[in-house]
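Topology and contacts: notes
Chain residues, written in single-letter form:
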Amino acid sequence: MGAFILRRLLGAIPLLLGIATIIFFILNLAPGDPTTFYYNPNVPPEIIEQLRRNLGLDQPLYIQYWKWLTSFFQGDFGHSLAQSRPVADVVFEALPNTLMLTGTALVLVFVIGMFIGVLQAVRQYSIFDSTSSVVSLFFYSMPSFWLALMLVLIFSLKAHVWGWPFALPATGITSVDYEFMSAGDKIMDRITHLILPVGTLTLALAAGVARYMRGQMLEVIRQDYIRTARAKGLPERTVITKHALRNSMLPVITLLGLYLPFLFSGTIFIEVIFAWPGMGRVIYDAIFQRDYPLVMATSFIFAVIVVLGNLLADVLYAVADPRIRYD
Amino acid sequence: MVHDSRRDNIADPESAPPVTVPTGTEAGVPGDHSTVSSSEPLAASAPTYALLLSALLPGGGHAAMGEWIRGLVVLLPWGVLLGLAYWAWERIIALDSASLDDYLAIATLFGTMLMLWSWALWDLAVRGRRAASRRDSQWAIAARQFKRNRLALVGLGVIVVLYLVALLAPLIAPHDPIAQENIAATGFLPPGGTNLLGTDRFGRDVLSRIIYGSRISLSIGFIATAISITIGTLLGAAAGYFSGKVDTLIMRFTDMVLAFPRLVLLIMIVALFDASITVIIIVLGLTQWPGTTRIVRGDVLSLREREFIHAAQALGMSRARIMMRHLIPNVLAPVIVAATLGIGNTIVMEAGLSFLGLGVQPPTPTWGSMVAEGRDNLLGAWWVATFPGLTIVMVVLAFNLVGDGLRDALDPRLRT
């Protein structure tokens, strides 16, 4: 197992190198460069030229590439042009917020999705099965940005108007008066701010997991060993949880790796809509401000997380299924 | 999925209940009927009176012979189109000096009516020959399976209607999607009255903008998916067939694209390169192929060892010919499923880019940008963001239903 993980980690290096290279060349082949941000009738061309020299943009592309790559892999992510501070600072500020958002969502996606999928499969053809199939296909087809707006409209804006006992906050990570709250209120405040963004991410993706889980479970339930388990008089609960569930959960693990890119694409919308100070917002703003060092670092970190997530999924798969031997 | 209740009798197609086709679902796809074989044997040939009746009123012949469902499937869309032609007659006459769009709309209107008409006659004329033979090719079996899936048929109907709406937009849209009049008087009108779905900030009719927006979404979805499917299939077939270094190289590249959040790549390219609609389509197509590549490669890997491929090699066929003539046709089924689901996916992606202000630029209406415009006044004018979003959900749902139906119909592994 150790050898397998090591081999996969080594294999990830050229992958990440390739991704870094692609990001670099897409950014630098685009017309214009970071100094376009400063174009302004009040700024004389000499200053722009000076700026370009200071940033090293006057050097040939391959030299820029080499310098960026070497410092990047030495852990120096460079300096954010728009925010005038080290990229590492920006990332360390934003990454925990995104991980809190996506981590919570990911756990909920799999717990809720698998739970519904199993229930559906166990009660195949029941009213619950058909209604939740339709509902989950509906959420599965929904663009996350629109779902976010609708949830804000109902649970935040209209909830105020209709005078519901609760109206969820729709922007930011904490309330304005967060600093003055007691410890318990602070936790509650954080949780209420999480509900809508996490809810949006969860609804769309959990629907996919539920569909997949249902299919897997139905396939397993048809197997002979399930019939054997029933025939030898095991209670239905044991048959489902011990024999069917554990076997049908295996392929779902691989979804973990597949869902990470979707999740990160989704967080860009969610963070922009909910003004959530995370990586998605940073990357979105950085692209528009042509803050190349920041764009390169943040998108590279996304890619690293995705690659590691895939590796984790493979390892989990091998751990969960003793029939799989990688070495 | 919802349609599992039909799985039970799939193994025995003869005992299946007669197909009931929801009315209005098959308009515009008469080509499909070449593989139709009805579950009850049809009369040897249609009587002359039925042919005459059908010549007068398409579908009338079927109805007269007691085949109400087939008759209505033809008659209803034909009647709707005739009604539209009557209702929009003034517009049709006024369009003489107009653009390609308008000519396209008129051609679609009369072309579709003509197609329905000729299909009704053709079906009556050739029925005798068809009733005798029941085809058993892979595609004929799949078509029979598919027609048993009502949800998928509804989805197909929605898609056909939407493409018709997109083509007929200039005739259907009740208002000009871009015209702004007295904004103070017509801005943010609630749904109802002359503006069925209300108006936006500039007094533009939301329904008309949705109708015109369908052109962008549907065409981008279709073209981008065509690009991605072509690339994905070719790369996957090459990787699976050639194996070795080619395989490693292609699959490494696929992993790379898969590891990258697609939206980041899209935003980066569209924002930095000042993308036009053509570039957006191409980029959407160029970032969607990895899924198809993986599927195709897996299937080709197992096909490669089959006897008919060995036979083709022994006959001295070139590798390109084996790939194009023997491998790719055999992996088309999963590719078609992936394409159908991919169109829905691409429509959502395009809407997302438009929502972020990166798609087709205003004042051209797109569903995504309409949702974004509605975001500014969500509480006061909820209809501006809600209806375009609902349209996206409906379209994507339709593509997903059809995709699921095709998967069930085409994948023999699911026919348990």
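Residues numbered from 1 in each chain as written. Chains lettered and ligands numbered in written order. Predicted model: local features only at pLDDT ≥ 70, side-chain atom pairs only at ≥ 80, totals over all residues.

Observations regarding the overall build of chain A
Threshold: Numbered from the N terminus, helices here are DSSP runs of H or I no shorter than four residues, and strands are runs of E no shorter than two. The contact criterion used here is simple: two residues whose C-beta atoms, placed from the backbone, lie within 7 Å are in contact.
If you tally the helices and strands in chain A, you get 11 helices and 2 strands. Taken along the three principal axes of its C-alpha coordinates, chain A extends 85 × 60 × 35 Å. The long-range share in chain A, meaning contacts at least 24 apart out of those at least 6 apart in sequence, stands at 72%.

Considerations on the overall build of chain B
For chain B, the helix and strand inventory stands at 18 helices and 0 strands. A separation threshold of at least 6 residues defines the contact pool for chain B, and within that pool the share at least 24 residues apart is 72%.

Side note on the interface of chain A and chain B
In plain terms, the rule: Side-chain classes are defined by residue name, with Ala, Val, Leu, Ile, Met, Phe, Trp, Tyr, Cys and Pro counting as nonpolar, Asp, Glu, Lys and Arg as charged, and the others, Gly among them, as polar.
Residue-level contacts link 39 residues of chain A with 37 residues of chain B. If you list the elements that add at least two residues to the side of chain A that touches chain B, you get α1 (2-29), α5 (127-140), α6 (144-162), α9 (236-273), α10 (279-288) and α11 (292-320) of chain A. Broken down by class, the residue content of the side of chain A that touches chain B amounts to 32 nonpolar, 7 polar and no charged.

Looking at unusual backbone geometry
All names here are of chain A. What counts, and what does not: Remark: C-beta atoms are placed from the backbone, and a residue is labelled buried if 20 or more other C-beta atoms sit within 10 Å of its own, exposed if 12 or fewer do, or partly exposed between those counts.
In the Ramachandran plot, Tyr 125 falls in the positive-phi region, its phi being about 70° despite a non-glycine side chain. Position of Tyr 125 among the secondary structure elements: in the loop between α4 (87-122) and α5. The exposed category is assigned to Tyr 125, around which 12 C-beta atoms lie within 10 Å. You will see that Arg 290, though not glycine, has its phi angle at about 50°, which is positive. Given 20 C-beta atoms within a 10 Å radius, Arg 290 is considered buried.

Considerations on helix α1 (residues 48-56) of chain B
Residue and element names in this part refer to chain B. Let me state the cut-off plainly: Taken from the helix axis, the directions to the C-beta atoms give the arc we talk about.
Within α1, the full set of buried residues consists of Ala 50, Leu 53 and Ser 54. Taken down its axis, α1 places every buried residue within 100° of arc, on the same side. In α1, the exposed residues that point more than 90 degrees away from the buried face are Thr 48, Tyr 49, Leu 52 and Leu 56.

Some details on the nonpolar core
The condition is simple: Any nonpolar core is a set of buried residues, restricted to Ala, Val, Leu, Ile, Met, Phe, Trp, Tyr and Cys, that join up through C-beta atoms within 7 Å.
Core analysis: the largest hydrophobic core is formed by 179 residues, its most contacted members being Ala148(A), Val209(A), Ile283(A), Val295(A), Ile267(B) and Val371(B). Counting residues per element, this core draws most heavily on helix α18 (residues 382-410) of chain B, at 15 residues.

Remarks on the packing of helix α16 (residues 332-355) of chain B against α18(B)
Residues and elements named next belong to chain B. Rule in force here: Fitted lines through C-alpha atoms serve as axes, helices being fitted only where they are in contact, and the angles separating the N-to-C directions of these axes extend from 0 to 180 degrees. An angle below 35 degrees is treated as roughly parallel, one above 145 as roughly antiparallel, one from 65 to 115 as roughly perpendicular, and anything else as oblique.
The contact between α16 and α18 brings their axes to 8 Å, and the two run at 170°. By the angle class used here, α16 and α18 are roughly antiparallel. On α18, the residues that touch Ala 333, Ile 336, Val 337, Thr 340, Leu 341, Ile 343, Gly 344, Ile 347, Val 348 and Ala 351 of α16 are Ile 392, Val 395, Val 396, Phe 399, Asn 400, Val 402, Gly 403, Leu 406, Arg 407 and Leu 410. Tallied by class, the residues present in the contact of α16 with α18 amount to 15 nonpolar, 4 polar and 1 charged.

Observations concerning α10(A)
Counted residue by residue, α10(A) has 8 buried out of 10 residues, so it is predominantly covered. Buried within α10(A) we find Met279(A), Gly280(A), Arg281(A), Val282(A), Ile283(A), Tyr284(A), Ala286(A) and Ile287(A). Those residues of α10(A) that are buried lie in contact with α4, α9 and α11 of chain A together with α11 (262-272) of chain B. Positioned one or two residues after α10(A), Arg290(A) has a phi angle of 50°, which is positive.

Describing the environment of Ala173(B)
Residues and elements named next belong to chain B. Here Ala 173 is to be found in the loop between α7 (150-172) and α8 (183-186). A count of 19 C-beta atoms within 10 Å places Ala 173 in the partly exposed class. Taking the C-alpha atoms as reference, Ala 173 lies 7.6 Å from Tyr 212; in sequence the two are 39 residues apart. The contact partners of Ala 173, leaving out residues within four places of it in the chain, are Ser 208, Ile 211 and Tyr 212.

Here's the deal with the packing of α10(A) against α11(B)
Note the threshold: Put simply, a crossing is left-handed when the front helix is turned counterclockwise from the back one by less than a right angle, and right-handed when it is turned clockwise.
Running from amino to carboxyl end, α10(A) crosses α11(B) at an angle of 15°, the nearest separation of the two axes being 9 Å. Comparing the axis directions of α10(A) and α11(B) gives the class roughly parallel. α11(B) is crossed by α10(A), and the crossing has right-handed handedness. Across the interface between the two elements, Ile283(A), Tyr284(A), Ile287(A) and Phe288(A) from α10(A) touch Val264(B), Ile267(B), Met268(B) and Ala271(B) from α11(B). Across the contact of α10(A) with α11(B), the residue classes tally to 8 nonpolar, no polar and no charged.

A short note on the environment of Ala320(B)
Examined against the element boundaries, Ala320(B) turns out to sit in helix α15 (residues 319-327). Between the C-alpha atom of Ala320(B) and that of Ala238(B), which follows or precedes it by 82 residues, the distance is 9.3 Å.

Let's talk about the environment of Tyr292(A)
Residue and element names in this part refer to chain A. Here Tyr 292 is to be found in helix α11. The spacing of Tyr 292 and Ile 127 is 165 residues in sequence and 53 Å in space, taken between C-alpha atoms. In this structure, Tyr 292 is in contact with Leu 27 and Pro 34, ignoring residues within four places of it in sequence.

Regarding the confidence of the model for chain B
Residues and elements named next belong to chain B. Stated precisely, the cut-off is as follows: Each residue gets a pLDDT score, which is the predictor's confidence in that residue and runs from 0 to 100.
Of all residues in chain B, 84% attain a pLDDT of 70 or more, and the chain-wide mean is 79. Overall, residues 1-43 carries pLDDT values under 50, and its contacts beyond four positions in sequence, including any with other chains, amount to 67 contacts. Confidence metrics for the complex model read pTM 0.84 and ipTM 0.86.

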